[in-house]
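Tertiary structure, described
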Amino acid sequence: QPVTAVQSEYSLWWREPEEHVLPACAALGIGFVPFSPLGRGFLTGKISPSTHFASGDMRGKLPRFTRQAREANQAVVDLLETTGRAKDATPAQIALAWLLAREPWIVPIPGTRQLERLEENLGSASVVLSEEDLKVLDDAAGEAALRRRKEQVDPTDKADYLIRDAMMRGEFENLKYAGKPIPNLGEADDPDWWVKGLIQRENISGLGPPALLLRVE
């Protein structure tokens, strides 16, 4: 059965498909449908480094949405806002216009529950970005991606960071990590439960003993 289109996350903020997926689509005549084209809301300019995510919001668990990551990538949002003012457009419209300018076979699908946001998203089709506009946006996104690569850590260190972050937020109790209690986890809970869940949620593999030092107090 021929493949008509491929769907994957792609935005000015998340450009991994450019390495292998987009070249394959171009060579085989396959359409590409980016989901989360607004960076899960980050590229709209409505999320700042100080934004607090509700407990059920998965962005609060993604490394890209830590306060440090948002601070490091704020320059991209600032540029979207600057470009938008020059084009009488919103940051979200500029981010979508950037995608629409990539290739005619790239068709983003931004999600929303609000009519106002739907109309805003549709307005991106009328935004025209010059070659210079695209270059400036590409350069800014490239610099942000380079910063992210420099900040990447190995899986064990990542688990260590996430566990310590949970400790700082006071989410668990009666457990120890490297000799320190983690508040608010009930006594009846499996002491390995949270780390196992963390490994599954964050798709972490190859963890050694240093990441599993949780013990009932």
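See above for the structure.
Residues numbered from 1 in each chain as written. Predicted model: local features only at pLDDT ≥ 70, side-chain atom pairs only at ≥ 80, totals over all residues. Heavy atoms only, no water.

1. Details of the environment of valine 76
Here is the rule: Only DSSP runs of H or I reaching four residues or more are called helices, and only runs of E reaching two or more are called strands; each is numbered from the N terminus.
As for its position among the elements, valine 76 is in helix H2 (residues 67–87). With 62 residues separating them along the chain, valine 76 and aspartate 138 place their C-alpha atoms 9.6 Å apart.

2. Observations regarding the nonpolar core
Note the threshold: Among buried residues, those of type Ala, Val, Leu, Ile, Met, Phe, Trp, Tyr and Cys that are joined through side-chain atoms within 4.5 Å constitute a nonpolar core. Exposure categories follow from relative accessible area, calculated using a 1.4 Å probe and restricted to protein chains: below 20% of the type maximum is buried, above 50% is exposed, and the middle band is partly exposed. Contacts between residues were defined by any pair of non-hydrogen atoms, one from each residue, lying within 4.5 Å.
One finds Leu12, Leu43, Trp98, Leu129 and Leu137 to be the most contacted residues of the largest nonpolar core, which totals 33 residues. Contributing elements (two or more residues each) for this core: helix H1 (21–28), H2, helix H3 (91–100) and helix H5 (131–151). Sorting elements by how many residues they give to this core places H3 first, with seven residues. Sequence-distant contacts of leucine 43, defined by excluding residues within four places in its chain, comprise Ser11, Leu12, Trp13, Pro37, Leu38, Val76, Leu80, Pro91, Ala92 and Ala95.

3. Looking at the environment of valine 128
Along the chain, valine 128 turns up in the loop between helix H4 (115–122) and H5. Here the alpha-carbon distance between valine 128 and isoleucine 94, two residues 34 residues apart in the chain, equals 8.9 Å. When sequence neighbours within four positions are dropped, the list of residues in contact with valine 128 reads Lys87 and Asp133.

4. A closer look at the pairing of strand S1 (residues 5–9)
The following threshold applies: At least two DSSP bridges between two strands are required for those strands to pair. Handedness of a crossover is defined as follows: with both strands directed away from the viewer, a clockwise route from the first strand across the helix to the second makes it right-handed.
Pairing analysis gives five bridges linking S1 to strand S2 (residues 31–35), with the strands arranged parallel. Residue pairing across strands places glutamate 9 opposite phenylalanine 35, the latter belonging to S2. Handedness of the crossover joining S1 and S2 through H1 is recorded here as right-handed.

5. Section: the packing of aromatic side chains
To be explicit about the condition: A pair of aromatic rings is counted whenever rings of Phe, Tyr or Trp (Trp by its six-membered ring) have centres within 6.5 Å, and the orientation is called stacked for planes under 30 degrees apart, edge-to-face for over 60 and tilted otherwise.
All told, the structure shown has six aromatic pairs when counted by the stated rule. With centroids separated by 4.4 Å and ring planes inclined at 25°, the aromatic side chains of tryptophan 13 and phenylalanine 42 adopt a geometry described as stacked. Here phenylalanine 42 lies in the loop between S2 and H2 and tryptophan 13 lies in the loop between S1 and H1, a separation of 29 residues in the sequence. For the pair tryptophan 13 and phenylalanine 42, a shared accessibility class is recorded, and that class is buried. With a centroid separation of 5.2 Å and 90° between ring planes, the pair formed by tryptophan 13 and phenylalanine 65 is classed as edge-to-face.

So far we have only geometry, and geometry alone does not tell us how the molecule works.
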